[in-house]
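# Analysis of the macromolecular model
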Amino acid sequence: RAHLLVAATDRLEQLSARRPPDPFLASRLDREGVARHAWLQPDHVIADLEARNDALPEINRTLALAELNLRAGRTTPEWARDRAIIHYRDAAAYASLALSEPSFAPLQPLLADRAIHLHNQAVAQLVHMTWIADLHPNRDWADALEPCGVHLIATDPFLDPSRITDISLAADYRVIGMQHRYSTDGLGVPLVVHRDIPDDQPRHPEERYYPKQTWAPATAIASPAGTLAGGHWRNQPISLLLRYPFQKNSLDLGGLTIPLASDLTTSLAVHAGHSDLKKVIRAGLLTGQFMGSSLESGIVMLQPYEPGKIPVLLIHGLNDSYATWFQVLNHLRNDPSLASRYQFWLYFYPTGNPVITSAGVLRKNLADARSHFDPNHTDPAWDQTVLIGHSMGGLLARPMIQSSGDSLEKAIFTRPLEQVRAGPKLQEFLYQTLRFHPVPEVRRVVFIATPHRGSHVASQLLGRVVNLFVGTTAPIAQAAQQIRADNGRDVFQPSFRLRHLTSVANLRFNSPALQLLDQLPFNPTVPYHTICFRMGTERVSVPTDGVVPYDSAHLDGAASELILPGTHLSHQDPAVTTELKRILFVHLASIPPFAPLASPQAAAFVPPSITPSFEPPSDLPPPLLPPPANPLEATLESP
């Protein structure tokens, strides 16, 4: 939390509020005959102008009231924060009413711009006022606003205020490392909201795939109920609407189409910098599970599910997390042409388990997700799912388009699977893992730097040493020990009589597990693509990315193959994102058209004078920028 930043900003704004008013406000105060008293008795002047405006609303007087309340809030003493909140509330309300009052339409663009500016400044101050919660241990951020007549409402269940533990201004963050910051100017204040699902509270059905802690974008807009005439809007609290910026981008107000402000990148950077992802990656590698963490394995959705949009699942590699895709995700979900047809999901799993085991879990997760969101299999978008895997993530995606037959169990066990003694749960796990068919929903796969035939790094001394510490307490290792105890050591084929059945052992060059996968047939109806990297320069290059050689990353029969300069960790480069966009557009062109399903929208209070507009942006996002040298992180600006 940047307490120093907020304190310094507030101090600067207090000083600016004591400066002479600009010509617009000064002229209006002179016309009203209250210029001499505006700074000595601001509350009396505001009350006087309010009475006049209640009797006969005027656009210029309404805007003057917004600015007077804003200046009064900034000059309110520190010990009277509740009074400051009320002034900011009224400033935001008057600015909003100036935009939506039917009698003011059509509103002049200059006046609309002034109203938007005043509204946004007042709402930003209301958000800053939530920092008062830090001074009172028994008050949260919403408690600072509700008693002062500001009611929190979300336009989507994803932003349910009861799930939000903290809000902050996106402008208070300095984003470092993201290739592009997608944002728009307009009505509203872009926020970063900290969404939390407490362990002691049940999850809503739609929250099953959300992380317990998420940092998400929102846009705050003040929305008073009632009209200016008669001061009816003061009869009930104003609503502070938390709008989800991926769903709406403009409003029709005062005869004008006004764009909504948004910041769709900062929340990703904050999520990467503040979550527990870095802490649990090593646990997932060494133990094969996420012990002592609120993070869960499986499909991860950072946005609400949208029926009618094709799922694209991004799968990370060894000793990594889904945050490795944030750079790519930032570009893909902000491409209007792609975002209108696709929804982008992430996959998180402990990377210490054998590849075949993790692939079996992925297969089950995909089936469970469809059963949850599309139980009747009526959404055709599900039948066009795309998987994108980096490194070992590609090895998890590969079995989703392959058939195993009985080749895996014959290669692993010396007897038929039916004759391997195991408990009911373990036996079910063996059948699920070793006997599989192509997942019908998966219709395209992209492999990025995937070691289809292994990596020499895993075969060398470092890989062997790491393997000694990987997966020693993982459930799969315990299952293997139980099978040996119940059936004897000879139940496994000699090549699988290893002490540690782990992911690192699987990744050795030409390991038995990878040889088995490499021999399994692909679904001939599913195209797949490869993206590989080579080290060196244009004149002298080496056919390897430093971890995976080209011979291992190459696949015969690929619909396309792109070889880029880079290393094994270059999957975040703009050139990779450009290729992924190309492949996704090819996928759209290759599938039969289908009518998108309507997404259910949450009911939220919207004043009658405000009519939402759902026009998608017509322009494409800016070109990708070269990645900066510094790593992905987000910090709050210091004064």
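Reading guide: rules and limits
Residues numbered from 1 in each chain as written. Predicted model: local features only at pLDDT ≥ 70, side-chain atom pairs only at ≥ 80, totals over all residues. Heavy atoms only, no water. Helix = DSSP H or I, 4+ residues; strand = E, 2+ residues; numbered from the N terminus. Contact = heavy atoms within 4.5 Å. Areas by Shrake-Rupley, 256 points an atom, 1.4 Å probe, with all protein chains shown as cover. Axes fitted to C-alpha atoms, helices over the stretch in contact; angles between N-to-C directions. Parallel < 35°, antiparallel > 145°, perpendicular 65-115°, else oblique. Left-handed = near helix turned anticlockwise from the far one by under 90°. Nonpolar A, V, L, I, M, F, W, Y, C, P; charged D, E, K, R; others polar. Buried < 20%, exposed > 50% of the residue type's maximum accessible area, 1.4 Å probe, protein only. Arc of directions from axis to C-beta. Pairing = 2+ DSSP bridges. Core = buried A, V, L, I, M, F, W, Y, C linked by side-chain atoms within 4.5 Å. Phe/Tyr/Trp six-rings, centres within 6.5 Å; stacked < 30°, edge-to-face > 60°. Salt bridge = Lys/Arg side-chain N within 4 Å of Asp/Glu carboxyl O. pLDDT = per-residue confidence, 0-100.

The subject of this paragraph is the overall build of the chain. The secondary structure content of the chain amounts to 21 helices and 20 strands. Long-range pairs, those at least 24 residues apart, make up 79% of the contacts in the chain with a sequence separation of at least 6. When the accessible surface of the chain is totalled, it reaches about 27,200 Å², and 56% of it is carbon and sulfur.

Next up on the list: the packing of helix α4 (residues 59-74) against helix α6 (residues 109-129). Put simply, α4 and α6 touch, their axes get as near as 10 Å, and they point 25° apart. Classed by the angle they form, the pair α4 and α6 counts as roughly parallel. Both α4 and α6 take part in a crossing whose hand is left-handed. Contact residues: Ile-59, Asn-60, Leu-63, Ala-66, Glu-67, Leu-70 and Arg-74 in α4; Leu-111, Arg-114, Ala-115, Leu-118, Gln-121, Ala-122 and Gln-125 in α6. Looking at the contact of α4 with α6, its residues break down into eight nonpolar, three polar and three charged.

The next thing to look at is helix α2 (residues 23-32). Those residues of α2 lying buried are Leu-25, Arg-28, Leu-29 and Glu-32. For α2, the angular spread of the buried residues around the axis is 100°, confining them to a single face. With respect to the buried face of α2, the exposed residues turned more than 90 degrees away are Pro-23, Asp-30 and Arg-31. Buried residues belonging to α2 abut α3 (42-55), α4 and α6. Following α2 by one or two positions, Gly-33 adopts a phi angle in the positive range, close to 75°.

Here the focus is the pairing of strand β12 (residues 310-315). Across the six residues of β12, six count as buried, placing the element largely inside the fold. Burial along β12 is two-sided: Ile-310, Val-312 and Leu-314 facing one way and Pro-311, Leu-313 and Ile-315 facing the other are all buried. Relative to strand β14 (residues 385-390), β12 runs parallel, the two sharing four bridges. Within β14, the residue paired with Leu-313 across the bridge is Leu-387.

Among the nonpolar cores identified, the biggest contains 121 residues, and Leu-99, Leu-159, Leu-187, Leu-191, Ile-299, Leu-313 and Phe-413 are the most heavily contacted of them. Beyond its immediate stretch of four places on either side in the chain, Ile-299 contacts Tyr-209, Leu-313, Trp-345, Leu-346, Tyr-347, Asn-365, Leu-366 and Ala-369. Within the second largest apolar cluster, 36 residues are counted, among which are Leu-277, Leu-302, Tyr-322 and Val-328.

Throughout the structure, instances matching the rule amount to 15 aromatic pairs. Between the aromatic rings of Tyr-244 and Phe-246, the centroid separation amounts to 5.6 Å while the plane-to-plane angle is 50°, which identifies the pairing as tilted. Looking at Tyr-244, the relative accessible area reads 3%, which means it is buried. We classify Phe-246 as partly exposed; its relative accessible area is 23%.

Positionally, Ala-220 belongs in strand β6 (residues 213-223). It is 7.0 Å that separates the C-alpha atoms of Ala-220 and Leu-191, two residues lying 29 residues apart in sequence. Dropping the residues within four chain positions of it, Ala-220 is found in contact with His-119, Val-123, Gly-188, Val-189, Leu-191, Leu-240, Leu-241 and Leu-242.

Across the six residues of β14, six count as buried, placing the element largely inside the fold. Residue alternation in β14 divides its side chains into two sets, Thr-385, Leu-387 and Gly-389 and Val-386, Ile-388 and His-390, and both sets are buried. As defined by bridge partners, β14 adjoins strand β15 (residues 442-448) across six bridges and the pair is classed as parallel. Along β15, the bridge assignment pairs Gly-389 with Phe-447.

Once their charged atoms are close, side chains differing in charge can pair, the charge on each being opposite to the other. Inspection of the entire model under this criterion finds 22 salt bridges. Across the salt bridge formed by Arg-163 and Glu-207, the nearest N and O atoms sit 2.8 Å from each other. Of this pair, Arg-163 sits in the loop between β1 (150-154) and β2 (164-169) while Glu-207 sits in the loop between β5 (189-196) and β6; the two residues are 44 residues apart in sequence, bridging distant segments of the chain. Note on accessibility: Arg-163 and Glu-207 belong to one class, buried. Arg-453 is the partner of Asp-518 in a salt bridge, and the nearest nitrogen-oxygen pair spans 3.1 Å.

Per-residue confidence for the chain gives a mean pLDDT of 81; residues scoring 70 or more make up 78%. Below pLDDT 50 for its whole length, residues 600-639 participates in 99 contacts with residues either more than four positions away or in separate chains.

A word on the sheet that holds β1. Within the open sheet, the five strands sit side by side as β1-β7-β6-β5-β2. Their pairing is mixed. Every interior strand has two partners, whereas the edge strands, β1 and β2, have only one. Averaged over all neighbouring strand pairs, the angle between strand axes comes to 35°, with direction disregarded. The sheet contacts of helix α5 (residues 81-100) involve β1, β6 and β7 (238-243), and relative to β6 the element is tilted by about 65°.

Attention now goes to the packing of helix α11 (residues 355-373) against helix α14 (residues 424-434). A pair of packed helices is captured by two measures, namely the crossing angle of their axes and the spacing between those axes. It is the contact of α11 with α14, at a shortest axis distance of 8 Å, that shows an interaxial angle of 90°. The pairing of α11 with α14 is recorded here as roughly perpendicular in orientation. Together, Ile-356, Thr-357, Gly-360, Val-361, Arg-363 and Lys-364 of α11 and Phe-429, Gln-432, Thr-433 and Leu-434 of α14 make up the contact between the two elements. Taken together, the residues of the contact of α11 with α14 sort by class into four nonpolar, four polar and two charged.

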